[in-house]
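# Results of the structural survey
Below are the chains, spelled out letter by letter.
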Number of protein chains: 2
Amino acid sequence: MSLGDLVGYAAAFLTTVSFVPQVWHTLRSRDVSGISLGMYACFTLGVFLWLIYGLVLEAWPVVIANTITLALALAILTMKLRFGRR
Amino acid sequence: MSLGDLVGYAAAFLTTVSFVPQVWHTLRSRDVSGISLGMYACFTLGVFLWLIYGLVLEAWPVVIANTITLALALAILTMKLRFGRR
C-alpha cells in the first residue's frame, strides 16, 4: 500500500467514525438546539448520493464508508427532529 | 458528463455546503453545548487528510471540496472551543 493510499484510508476512517461521538453525545444529552437541521438534511442527502455514486462505480470503499456515515447521519437527523419538538 | 459523474458532483456539493447552515446557526446562537467536540476534532483532522490525499494524487475536485469543508469544519471547531468556555 502506497503512502497516498494510507492517507486516504486514514482520512476515510476519521471522517466516517467522527459521527460516532456526535451520536453518543446527542443520545445521552438530547440537546439538539445547537445542531443545524439544514446541515443534517443536506449532509444526509449528500452522503446518500455518495453511496449511489459508489454503487454505480462499484467502488466498494466508497460504498462501505458512506453506508456507515449514512446510518450515523440519519441517526443524528432523526434525533434532531424528535428531541427538537419537546 | 455521465450520470455517475453528475451524481458524484451533486454528492460533493451537498456534503461540502451542508456545513454552511451549521456555521451560520452556531455564529448566531453561540449554542454549542449539543455539538460534540470529539466529532469536530476527528472530522477536521480527517478532512485535512483528505486534502493531503487530493494534493498527493493531484485530484483537484478532492482538493477544492476539502479545502472548503476544512475551513467550515475549523470554524465550527473554533466556535465550539470558544463559546463552550462561557
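Overview of the structure. Just so we're clear, the structure is a prediction, and the values are computed from it rather than from any experiment.

Reading guide: rules and limits
Residues numbered from 1 in each chain as written. Chains lettered and ligands numbered in written order. Predicted model: local features only at pLDDT ≥ 70, side-chain atom pairs only at ≥ 80, totals over all residues. Heavy atoms only, no water. Helix = DSSP H or I, 4+ residues; strand = E, 2+ residues; numbered from the N terminus. Polar contact = N/O pair within 3.5 Å; in protein donor to acceptor, adjacent residues only side chain to side chain. Buried < 20%, exposed > 50% of the residue type's maximum accessible area, 1.4 Å probe, protein only. Contact = heavy atoms within 4.5 Å. Core = buried A, V, L, I, M, F, W, Y, C linked by side-chain atoms within 4.5 Å. Buried area = accessible area lost by both parts, 1.4 Å probe. Salt bridge = Lys/Arg side-chain N within 4 Å of Asp/Glu carboxyl O. 1 Å grid on protein atoms, 1.4 Å probe; cavity = no way out; pocket = protein on both sides within 12 Å on 5 of 7 lines; lining within 4 Å. Points joined across faces, edges and corners; volume = space filled by probe spheres on them. Nonpolar A, V, L, I, M, F, W, Y, C, P; charged D, E, K, R; others polar.

### A word on the environment of S29 of chain B
Residue and element names in this part refer to chain B. Relative to the helices and strands, S29 is located in helix 2 (residues 19-29). For the pair formed by S29 and A71, sequence separation is 42 residues and the distance between their alpha carbons is 20 Å. In terms of polar contacts, S29 uses its side chain to reach the backbone carbonyl oxygen of H25, at 2.7 Å.

### Some thoughts on the environment of V62 of chain A
All names here are of chain A. Mapped onto the fold, V62 is located in helix 4 (residues 60-83). According to the relative accessible area criterion, V62 is partly exposed, its value standing at 26%. Sequence separation between V62 and L51 is eleven residues, and the spatial gap between their C-alpha atoms is 6.8 Å. Excluding residues within four positions of it along the chain, V62 makes contact with W50 and G54.

### So, the nonpolar core
Residues F19 and Y40 of chain A together with F19 and Y40 of chain B are the most contacted members of the largest nonpolar core, which totals 34 residues. In this view, F19 of chain A contacts Y40, F43, T69, L72 and I76 of chain A together with M39 and F43 of chain B; residues no more than four positions away in its chain are not counted.

### Remarks on the interface of chain A and chain B
If you look at the interface, chain A gives 33 residues, while chain B gives 33 residues. For the pairing of chain A and chain B, the buried interface totals around 2700 Å² over both sides, and the portion due to carbon and sulfur atoms is 74%. It is L14, G34 and M39 of chain A in chain A that bury the most area against chain B; as a group they hold 18% of the surface buried on that side. Applying the counting rule to chain A against chain B returns zero salt bridges. Counting across the chain A and chain B interface gives twelve residue pairs in polar contact (both at pLDDT 80 or more). At the level of secondary structure, the elements contributing two or more residues to the side of chain A that touches chain B comprise helix 1 (3-17), helix 2 (19-29) and helix 3 (37-57) of chain A. With 13 residues, helix 3 of chain A is the single largest residue contributor to the side of chain A that touches chain B.

### Description of the side chain of S36 of chain B
Mapped onto the elements of the fold, S36 of chain B is located in the loop between helix 2 and helix 3 (37-57). For S36 of chain B, the side chain forms a polar contact with the main-chain nitrogen of M39 of chain B, separated by 3.0 Å. Filtering out sequence-adjacent residues up to four positions away, S36 of chain B remains in contact with P21, Q22 and H25 of chain A.

### Comments concerning the layout of surface pockets
Estimates place the volume of the largest pocket at around 1300 Å³. Around the largest pocket sit 44 residues that line it, and W50, V62 and N66 of chain A together with W50 and V62 of chain B are the ones nearest its centre. Looking at the lining of the largest pocket, its residues break down into 32 nonpolar, ten polar and two charged.

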